Amino acid sequence: MDGDRFPPSLRKVITDVLKQQPEKKIMCGIVGGVSNTNVIPILIDGLERLEYRGYDSAGVAAVTPEGISCLRRLGKIEVLREALEENPMSALAGIVHTRWATHGKPSEKNAHPHVSQAAIAVVHNGIIENHVALRAVLREKAYEFSSDTDTEVIAHLVNEQWKGGGSLLSAVQNAVQELEGAYSIAVISKNDPENIVAVRMKSPLVIGIGKNGNFVASDVSALISITNQFVYLEDGDVADIYQAHFVVYDKTGKKVERPIKVSDLSPEDVSRGGFLHFMQKEIHEQPDAVSRVLDGRVKDGKVLIEEAFGNKAAKIFARTEAVQIIACGTSHYSSLVARYWMEMESLADIPCHVDVASEWRYRNPRLHSRTLYVFISQSGETADTLACLNMVKEGKPEAHTITICNVPESSMTREAELTFLTKAGAEIGVASTKAFTTQLAALMLLTLALGRTRGMTAKKEAEVIVSLLTVPEKLREALLLDGELRLLAPGFGKKEHALYLGRGSEYPIALEGSLKMKEISYIHAEGYPAGELKHGPLALVNEEMPVIAVAPNDVLVEKLQSNLKEVRARNGQLFIFASPDVKIDLDEGTTVIALPRVDELVAPIVYVVPLQLLAYHVAVARGNNVDQPRNLAKSVTVE
Ligand code: M6R
């Protein structure tokens, strides 16, 4: 922020206020549109399809004959719907929003839309980094603030420009020049009953081209019931939207044509389809999802490198000397499994580093031109992972980047040099499930593709592919454990802590299982490499502590067995998820869940499923909101 742009009297205020943190928001949802019929029901339906992102309040604003009408409510969209029944709103142009706050209380006054002097209304996703300084300037100009949000400055800034005359479009174009940070916004004015203006800057926004109007939304799922035709805005784009047409201007103000893309998402993909929860549906979709990862990407015992990774991939892989994987959350845990595969002498035999994006980006990592940087993300929008990708592109332009991602046209698929689409289909449940198993299948293909350039034998490649091709069937077998795991849930649901143990490539599976348990059941669950047990966590084990162990039939199983004896010696309750070939000493404190017999190398892809099911049933038994667990959002698009 350049303080010299402001009068001297304001500079001290600005310096002081700049020390404060801006309000931070994670994945709010935006829908807006102009239609030839009442747009409000369309917008509210669209907003409901964004519910999966997590939110604490919802609101709507529209241009009615009386001017700007705005309704906001704390809580669910249902509450907003009820408010709309009491105060019906009808308009051709409108904007709606779900807000998810991390700073600044969830409250009606902080809910969006924010309205400036009954003339301009704005919804916003992202962070305005210089909002405190802008607030000071706008206060000097007699604008009053009624919320704690950064967004309100946008409404006043647009109003300030708009009052000077000119169109809503030019007011927005001028106003955004003042903004620093990440934002997607949609704006209406009281004088434009058939127009909205929308902007994308480092926060996703798409235009949906409908039969009866044009719309904008944070993602395509909001609009998929009214159109499958979308225009993906670029950073800095401003869209001037009317019922029958729209015009896009780039960041320099030049009119641009952005391509219209047809989405293959269907309304069924974003519905629960007979399941109780999206998470349950997504767990059961895994056999088909993993089949899609492999379809057309392997043939005759070989990875089809070009088809899977693009035509530049073979050359890039041939010059790769090391791999650095960067991701967050579940995507980070799939990377940890991949590290075992990448470093195996008989596979890729390549040094592989794995880091959490939020750590890696701030430790000033040395960048190497012959390292392949791999960014894993379901959404392709996770702010920290995306920032790392951009760091590599800027810091070492000659280095190669690839994203393994589930969302086509996401920020990561646009920014990375190579893209591997996991084709898992829309993942709506906040807890990631099919994204994880499809990432693992993709990472095995990447391991094999790299291995081929580094002396892996054709026989080995063919063997691994045979194993991979059995995975969908093995996943189906794992899903048959559903009933058995449901029976364990009530007892498990009474616990407040749980320990997950694994060894080798099942250690990340223990981590992922514990993440699933904590995020939806709210039971404190920790994942540990089993060998670490006696270095600390054993102190926690007593008759109250359930210990879950993942025991494949591999070389480490004997060592794992002795770890498990240590647990039983302290009366810990053992739940062993084991291959049928593992011999386990049974006693009344040990429950064995027999997993499908599967090749050890690909076992992590299958063995995570029972842990997902256990977490799911425990969360249901505890009466939790499985798809939208408290305090979490599906995709973390700001730092
Ligand atoms: O979309 P991404 O894969 O980049 O998301 C990363 C994490 O936010 C995500 O995996 C999160 O940990 C899930 N809620 C886990 O279930």
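One can find the structure itself at the top, above this paragraph.
On a predicted model such as this, the values are computed, not experimentally measured, just so you know.

Q: I tried to follow the pairing of strand E1 (residues 29–35) on my own but got confused; where do I start?
A: Regular strands have side chains that alternate between both faces of the sheet. Among the 7 residues of E1, 7 are classified as buried, and the element is accordingly described as predominantly covered. The side-chain alternation of E1 yields two buried faces, one formed by Gly-29, Val-31, Gly-33 and Ser-35 and the other by Ile-30, Gly-32 and Val-34. Of the strand pairs in this sheet, E1 and strand E4 (residues 93–99) are connected by 6 bridges, and their pairing is antiparallel. Bridged to Gly-33 within E4 is Gly-94. Bridge count between E1 and strand E10 (residues 213–217): 5 bridges; the pairing is antiparallel. Counted as the bridge partner of Val-31 is Ala-217 from E10.

Q: I tried to follow the sheet that holds strand E18 (residues 322–327) on my own but got confused; where do I start?
A: Pairing between the strands of a sheet comes from backbone hydrogen bonds, and it takes one of two forms, parallel or antiparallel. An order of E19-E18-E20-E21-E22 is seen for the 5 strands of this open sheet, with the pairing classed as parallel. Looking at the sheet topology across the chains shown, the edges are occupied by strand E19 (352–356) and strand E22 (418–421). Here the strands of the sheet are splayed against their neighbours by 20° on average, with no regard to which way each runs. The pairing of strand E21 (residues 400–405) with E22 spans 4 bridges and is parallel. Bridge pairing in E22 places Ile-404 opposite Phe-420. Docked against the sheet, helix H11 (residues 329–343) engages E18, E19 and strand E20 (371–377), running at close to 170° with respect to E19.

Q: Hey, could you run me through the layout of surface pockets in this one?
A: Gaps left between atoms show up when a probe the size of a water molecule is rolled over them. Within this model, the largest pocket holds a volume of roughly 920 Å³. Lining the largest pocket we find 42 residues, and of these Val-220, Leu-265, Asn-406, Val-407 and Pro-408 sit closest to its centre. Broken down by secondary-structure element, the contributors of at least two residues to the lining of the largest pocket are strand E15 (260–262) and helix H8 (286–294). When the residues that make up the lining of the largest pocket are grouped by side-chain class, the tally is 15 nonpolar, 10 polar and 17 charged.

Q: Looking at this model, I keep getting lost on the environment of Gly-483. Mind explaining?
A: Structurally, Gly-483 can be placed in helix H17 (residues 482–492). The class for Gly-483 is partly exposed, based on a relative accessible area of 30%. Here the alpha-carbon distance between Gly-483 and Leu-613, two residues 130 residues apart in the chain, equals 9.5 Å.

Q: Hey, could you run me through the nonpolar core in this one?
A: Nonpolar side chains in soluble globular proteins tend to be buried together. Phe-309, Phe-317 and Leu-446 are the most contacted members of the largest nonpolar core, which has 91 residues in total. Considering each element in turn, this core owes the most residues, 13 residues, to helix H20 (residues 603–621). If we ignore the near neighbours within four places in the chain, the residues touching Phe-309 are Val-303, Phe-317, Ile-402, Leu-418, Thr-419, Phe-420, Leu-445, Leu-446 and Ala-449. Counting 34 residues, the second-largest nonpolar core is a separate cluster that includes Ile-44, Leu-50, Val-96 and Phe-278.

Q: Hey, could you run me through the sheet that holds strand E23 (residues 497–502) in this one?
A: What the 5 strands build is an open sheet, ordered E24-E23-E25-E26-E27; its pairing is parallel. Where the open sheet ends on each side, the last strands, each with one partner, are strand E24 (524–529) and strand E27 (590–594). Within this sheet the neighbouring strands show an average axis-to-axis angle of 20°, counted without direction. Bridging between E23 and strand E25 (residues 546–551) involves 3 bridges; their strand directions are parallel. Bridge assignment links Leu-499 to a residue of E25, and that residue is Val-547.

Q: Even after reading the chapter, I still don't get the side chain of Thr-590, so can you show me in this structure?
A: Structurally, Thr-590 is set in strand E27. Judged by its relative accessible area of 9%, Thr-590 is buried. If we skip the residues at most four places from it in the chain, Thr-590 touches Arg-568, Leu-574, Ile-576, Ile-584 and Asp-585.

Q: Which parts of the structure should I look at to understand a negative patch on the surface?
A: A cluster of acidic residues, Glu-78, Glu-82, Glu-85 and Glu-86, forms a negative patch at the surface. Along the chain, the position of Glu-82 falls in helix H3 (residues 77–86). Relative accessible area serves as the criterion here: at 42%, Glu-82 is assigned to the partly exposed category.

Q: Would you take a moment to explain the site of the ligand for this structure?
A: Around the ligand, a shell composed of 14 residues is seen, among which Ser-331, Ser-377, Gln-378, Thr-382 and Glu-519 lie nearest. Within the side chain of Thr-382, one N or O atom sits 2.4 Å away from an oxygen atom of the ligand. Residue Glu-519 places a side-chain N or O atom 2.3 Å away from an oxygen atom belonging to the ligand. Coverage of the ligand by the protein amounts to 91% of the 410 Å² it exposes when considered alone. Contributing elements (two or more residues each) for the shell around the ligand: H11 and helix H18 (507–521). In the shell around the ligand, the residues fall into 4 nonpolar, 8 polar and 2 charged. Taken together, domain 2 (278–478) and domain 3 (482–621) each give at least three residues to the shell around the ligand, which thus spans both.

About the criteria used
- Residues numbered from 1 in each chain as written.
- Predicted model: local features only at pLDDT ≥ 70, side-chain atom pairs only at ≥ 80, totals over all residues.
- Heavy atoms only, no water.
- Buried < 20%, exposed > 50% of the residue type's maximum accessible area, 1.4 Å probe, protein only.
- Helix = DSSP H or I, 4+ residues; strand = E, 2+ residues; numbered from the N terminus.
- Pairing = 2+ DSSP bridges.
- Axes fitted to C-alpha atoms, helices over the stretch in contact; angles between N-to-C directions.
- Contact = heavy atoms within 4.5 Å.
- 1 Å grid on protein atoms, 1.4 Å probe; cavity = no way out; pocket = protein on both sides within 12 Å on 5 of 7 lines; lining within 4 Å.
- Points joined across faces, edges and corners; volume = space filled by probe spheres on them.
- Nonpolar A, V, L, I, M, F, W, Y, C, P; charged D, E, K, R; others polar.
- Core = buried A, V, L, I, M, F, W, Y, C linked by side-chain atoms within 4.5 Å.
- Patch = residues over 30% accessible without salt bridge, like charges linked within 9 Å, V, L, I, M, F, W, Y side chains within 5 Å.
- Areas by Shrake-Rupley, 256 points an atom, 1.4 Å probe, with all protein chains shown as cover.
- Salt bridge = Lys/Arg side-chain N within 4 Å of Asp/Glu carboxyl O.
- Lys, Arg positive; Asp, Glu negative; His and termini not counted.
- Charge placed at Lys NZ, Arg CZ, Asp CG, Glu CD.
- Near = heavy atom within 4 Å.
- Polar contact = N/O pair within 3.5 Å; in protein donor to acceptor, adjacent residues only side chain to side chain.
- Domains from an automatic or database assignment.

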